[in-house]
Amino acid sequence: TNRNICHRSICAEMAPCERSAEISASRETIWAFLGDLQRWPDWDPDIKSISDVQGGLSEGGTFLLHMDGVSVPITFKDVKP
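First, a word on what this report is: a plain description of the structure on this page. (Residues numbered from 1 in each chain as written. Predicted model: local features only at pLDDT ≥ 70, side-chain atom pairs only at ≥ 80, totals over all residues. Heavy atoms only, no water.)

**Comments concerning the nonpolar core**
Phase 1 of the analysis: Counting eight residues, the largest nonpolar core consists of Leu37, Trp40, Ile47, Ile50, Leu57, Phe63, Leu65 and Phe76.
Phase 2 of the analysis: Once residues lying within four places of it in the same chain are set aside, the contact partners of Ile50 are Leu37, Gln38, Trp40, Pro41, Phe63, Leu64, Leu65 and His66. (Core = buried A, V, L, I, M, F, W, Y, C linked by side-chain atoms within 4.5 Å. Buried < 20%, exposed > 50% of the residue type's maximum accessible area, 1.4 Å probe, protein only. Contact = heavy atoms within 4.5 Å.)

This is the structure we're talking about:
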């Protein structure tokens, strides 16, 4: 389900997000890299921090993604290692 995020009287409905890329590394290496949620800010400058991780990078896993002035609740769906 989509969630409404309200910050400073500006509300936006979050849409599902999907990304893909071809990387020359083993599946295990990539999965270990992506699965370390606390290190996401190291490679994505828009992410300031991650908190409230429940379940990690797995189906139904959740966390709060903190960016400049807004925190976005994230739920993983259709996770395929």
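Read on for the rest.
**Notes on the packing of aromatic side chains**
Phase 1 of the analysis: Taken as a whole and judged by the stated rule, the model has five aromatic pairs.
Phase 2 of the analysis: Both rings, one in Trp40 and one in Trp43, keep their centres 5.7 Å apart while their planes meet at 55°; by these two values the pair is tilted. Of this pair, Trp40 and Trp43 both sit in helix H2 (residues 40–43), separated by three residues, roughly a single helical turn.
Phase 3 of the analysis: With relative accessibility at 39%, the residue Trp43 sits in the partly exposed group.
Phase 4 of the analysis: In this structure an aromatic cluster arises from ring pairing among Phe33, Trp40, Trp43, Phe63 and Phe76. (Phe/Tyr/Trp six-rings, centres within 6.5 Å; stacked < 30°, edge-to-face > 60°. Helix = DSSP H or I, 4+ residues; strand = E, 2+ residues; numbered from the N terminus.)

**Brief notes about the pattern of salt bridges**
Pairs can form between side chains of opposite charge whenever their charged atoms are close.
Phase 1 of the analysis: Counting across every chain of the model gives two salt bridges.
Phase 2 of the analysis: Of the charged contacts, one joins Arg39 and Asp42 as a salt bridge, the two residues approaching to 2.9 Å between their closest N and O atoms.
Phase 3 of the analysis: By relative accessible area, Arg39 is classed as partly exposed at 47%.
Phase 4 of the analysis: Judged by relative accessible area, which is 56%, Asp42 ranks as exposed.
Phase 5 of the analysis: The residue Asp68 makes a salt bridge to Lys48 at a minimum N-O spacing of 3.9 Å. (Salt bridge = Lys/Arg side-chain N within 4 Å of Asp/Glu carboxyl O.)

**Some words on the pairing of strand S5 (residues 70–75)**
One face of the sheet, then the other: side chains in a regular strand alternate in exactly this way.
Phase 1 of the analysis: Bridge analysis of strand S4 (residues 62–67) against S5 gives six bridges, and the strand direction is antiparallel. Looking across to S5, one finds that Leu65 is bridged to Val72.
Phase 2 of the analysis: Here S4 folds back onto S5 in antiparallel fashion, the turn holding two residues, of which Gly69 has a positive phi close to 75°. (Pairing = 2+ DSSP bridges.)

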